[in-house]
Amino acid sequence: GTEFIDSYVFNKAEYIRFNSTVGRYVGYTELGLKNAEAWNKGPQLGQEQGELERFCKHNADLHYRAILDKT
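Model, not experiment: these values are computed from the prediction.

Asks: Requested: an account of the pairing of strand β3 (residues 24-27), with residues and values cited.
Replies: Sheet topology note: the strand β2 (residues 13-19)/β3 ladder contains 4 bridges and is antiparallel. Each residue of the ladder has a partner; that of F18, found in β3, is Y25. Count of turn residues in the β2/β3 antiparallel hairpin: 4 residues, of which G23 carries a positive phi of about 80°.

Have a look at this one:
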């Protein structure tokens, strides 16, 4: 399957990431952990899942069509 990752970087260090496999935000620093906790409870998670749905479904369809076109 496809994995969608959305990373947030501050001062060249990744501090929080949305991972489609986990389906939620994961924090990597003290700030990231606090944000992940808040974002997983708030509207951000729904927005990210909406992006995931829109982006991945669209690109999966394109990829699938490209495969079909080649056969």
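Asks: Account for the sheet that holds β3, with residues named and values stated.
Replies: With antiparallel pairing, the 3 strands of this open sheet are ordered in space as β1-β2-β3. Looking at which strands have only one partner, the edges of the open sheet turn out to be β1 (5-10) and β3. Sheet twist, expressed as the average angle between the axes of neighbouring strands with direction ignored, equals 20°.

Asks: An account of the pattern of salt bridges is needed here, citing residue identities and associated values.
Replies: What the rule picks out here adds up to 3 salt bridges. Here E30 makes a salt bridge to K34, at a shortest N to O gap of 3.8 Å. Of this pair, E30 and K34 both sit in helix α1 (residues 30-41), 4 residues apart, which is roughly one turn of that helix. The exposure classification of E30 matches that of K34, with both residues exposed. In this structure, E37 engages K41 in a salt bridge whose closest nitrogen and oxygen atoms are separated by 3.6 Å. In this pair, E37 and K41 are both assigned in helix α1, 4 residues apart and thus about one turn of the helix distant. What makes K41 exposed here is its relative accessible area of 69%.

Cut-offs applied
Residues numbered from 1 in each chain as written. Predicted model: local features only at pLDDT ≥ 70, side-chain atom pairs only at ≥ 80, totals over all residues. Heavy atoms only, no water. Pairing = 2+ DSSP bridges. Helix = DSSP H or I, 4+ residues; strand = E, 2+ residues; numbered from the N terminus. Axes fitted to C-alpha atoms, helices over the stretch in contact; angles between N-to-C directions. Salt bridge = Lys/Arg side-chain N within 4 Å of Asp/Glu carboxyl O. Buried < 20%, exposed > 50% of the residue type's maximum accessible area, 1.4 Å probe, protein only.

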